[in-house]
Amino acid sequence: MNPVIKREFFGIMRSQQAIAMLITLTLIFSLTVLLRWPADGSVDLSGRRSMEVFRIFGYGLLAGVLFLVPAFPATSIVNERNQGTLALLINSPLKPFSIYFGKLSGVLLFSILVLLCSLPASAACFAMGGIDLKYDLGMLYLILLLAIVQYVTLGMLVSSFVHSADAGVRITYCGVLGLFLLTLVPAALSRGAFLTGWTSSLMNSIRSLSPLPPVMEIMRHESIGSVGLRQSSSTSSFICMALISSSIFAIITLTRLNHRIFDRSRAKGLITDERGLLTRLFRRLLYIVDPQRRKRGIPWYLNPVMVKEFRCRRFGRTQWLLRLVSVCAVVSMLLTIMAATSATAWGVETVGGLLVLLQVILVVVLTPSLASGLISGERDGGSWELLRLTSLSAFKIVRGKILSVAWTLALVLMATLPGYLMMIYIQPGLWLQVQYVLVCLVFTAIYALAVSAAVGSLFRVTAVSTSVTYVIVILLFLMPILIWLARDAPFGYETVRVALLTTPVGAALSVIEAPGFQQYDLLPFAWWFAGVTSLLMFLILGIQVWRLTRAV
């Protein structure tokens, strides 16, 4: 037997978090079925009750795969390299393929355990009747297994490039969310008049990278959701694209499993202030912000912790912020073109709902990456003791770190405004609705920031805090939408409304009158919930920082 398989698998299973995760999933899946089990012991021959339970079970299992699988492969190779054991593995008699196959198999075995935890619940769904063993349960598990392989190979690819575990976790979760949600956007764009022929086919192929359309097809949700989620042959297309993408990820990672993986060439660099006068003048004209120019001292009116965060974090540096804002502005302009060319076919409300969802995805992907390591990164890197030795108060430390993320999120959100301006130009009566939507998006950013910062501060290791923060933030934003997908089967109006009240995203979609959200009146209760929850999270963050600054 390959020794790497045993080492990788047992290494995961020895952690208390893995065991707790498996036990929790088993209990959740079992309770999901028991809560909807017929009280009189009768079976619904139409299969309606069993399909309701199956939908909750299927979407919950999909969410579990999305939340839990990426964290382990994202740190598999980078931890070996940082601990010095990867060089020993490469110099051992094992071939690169054996090393990769061992690591891949170890993570896949644990991922399969996640699926096995759901077998009692799936057997109960089948016993209720109306569920086909091959075309429902069998296809669901096949789709989820292929999604697991796709996400594991992606995580190991990312792990072979990054140089820290927390960076691997952040980039892997961003990639997984991109494959899961952002790949659906090109298929939606291809429905406009400006994409036809081979371009539309390409967009549909990109859409096939996501497991969501085939899962919705299995759940009989052909009439629910936005455009771009479902088209014909979703299952077969996803199987092909998952196998192709997983193979590409695996081949690239295999080519890197050699001695060259340790090479990290760095340019010597040259400060602009040390160049000649003509060169300095030319760079001042060429660059809005010169990345090679020496930074000035920190002014008295700026929080030093905020400046430190901006200068130490890649996305905090001005040139990277401008690049990020430029990309967001370009994407927003593309959506503006879509709104102008497809408003007659779609309606402004549908385009507005798509804009809201894309902005929320951007916030959910970006915020945990920036905020989860605000405190844990200092503790993990050993620089927290230096902060404690300064004269800065706990409030000033918290304020500086929060502002460093808040300014980044504010710039990103402002860069996505042109789409709303075009909507107002097309339909001026939407001005008040757009104002409410923007307020909801501000609450969304504050809510995600508060939760990410508070949860991340509770952990010492950056990789762990990033993983847990991503899981919680995705859960908070995704679960209400999943409940909305199952509206009327099995969740009633009040249940769906209460679920949507827990996230400002539902309020934004309701205000913009996105399809399926018009009947829910969520304001101002959604704002109150997000505001109160954010205040509680900031309070937890402040107490944790105050406690750490006084820890002996």
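Here's a quick rundown of the structure. (Residues numbered from 1 in each chain as written. Predicted model: local features only at pLDDT ≥ 70, side-chain atom pairs only at ≥ 80, totals over all residues. Heavy atoms only, no water.)

Notes on the nonpolar core
Next up, step 1: Core analysis: the largest hydrophobic core is formed by 153 residues, its most contacted members being Phe54, Phe57, Leu66, Phe110, Tyr151 and Ile474.
Next up, step 2: With 14 residues, the single largest contributor to this core is helix α9 (residues 133-161).
Next up, step 3: When sequence neighbours within four positions are dropped, the list of residues in contact with Leu66 reads Tyr151, Tyr173, Val176, Leu177, Phe180, Ile474 and Leu478. (Core = buried A, V, L, I, M, F, W, Y, C linked by side-chain atoms within 4.5 Å. Buried < 20%, exposed > 50% of the residue type's maximum accessible area, 1.4 Å probe, protein only. Helix = DSSP H or I, 4+ residues; strand = E, 2+ residues; numbered from the N terminus. Contact = heavy atoms within 4.5 Å.)

Digging into the pattern of salt bridges
Next up, step 1: Applying the stated criterion across every chain, the model contains seven salt bridges.
Next up, step 2: Residue Arg170 is joined to Asp166 by a salt bridge in which the shortest nitrogen-to-oxygen separation is 2.8 Å. Taken together, the residues span about one helical turn, with Arg170 and Asp166 both in helix α10 (residues 165-180) at a distance of four residues.
Next up, step 3: For Arg170, a relative accessible area of 22% puts it in the partly exposed group.
Next up, step 4: Judged by its relative accessible area of 17%, Asp166 falls in the buried class. (Salt bridge = Lys/Arg side-chain N within 4 Å of Asp/Glu carboxyl O.)

Points about helix α5 (residues 76-83)
Next up, step 1: Those residues of α5 not exposed but buried are Ser76, Ile77, Val78, Glu80 and Arg81.
Next up, step 2: Residue Gly84 follows α5 closely and has a positive phi angle near 85°.

A word on the packing of aromatic side chains
Next up, step 1: Under the counting rule described, the total for this entry stands at nine aromatic pairs.
Next up, step 2: Ring centres of Tyr173 and Tyr470 lie 4.9 Å apart, and the angle between their planes is 5°; on these two criteria the pair is classed as stacked. Of this pair, Tyr173 sits in helix α10 while Tyr470 sits in helix α24 (residues 462-485), and the two are 297 residues apart along the sequence.
Next up, step 3: Here the aromatic residues Tyr436, Phe443 and Trp527 are joined through ring pairs into a cluster of three or more.
Next up, step 4: Lying over the aromatic face of Phe161, Arg256 brings its terminal NZ or CZ to 3.9 Å of the ring centre. (Phe/Tyr/Trp six-rings, centres within 6.5 Å; stacked < 30°, edge-to-face > 60°. Lys NZ or Arg CZ within 6 Å of the ring centre and 35° of its normal.)

Scope: geometric values only; no functional claims are made or implied.
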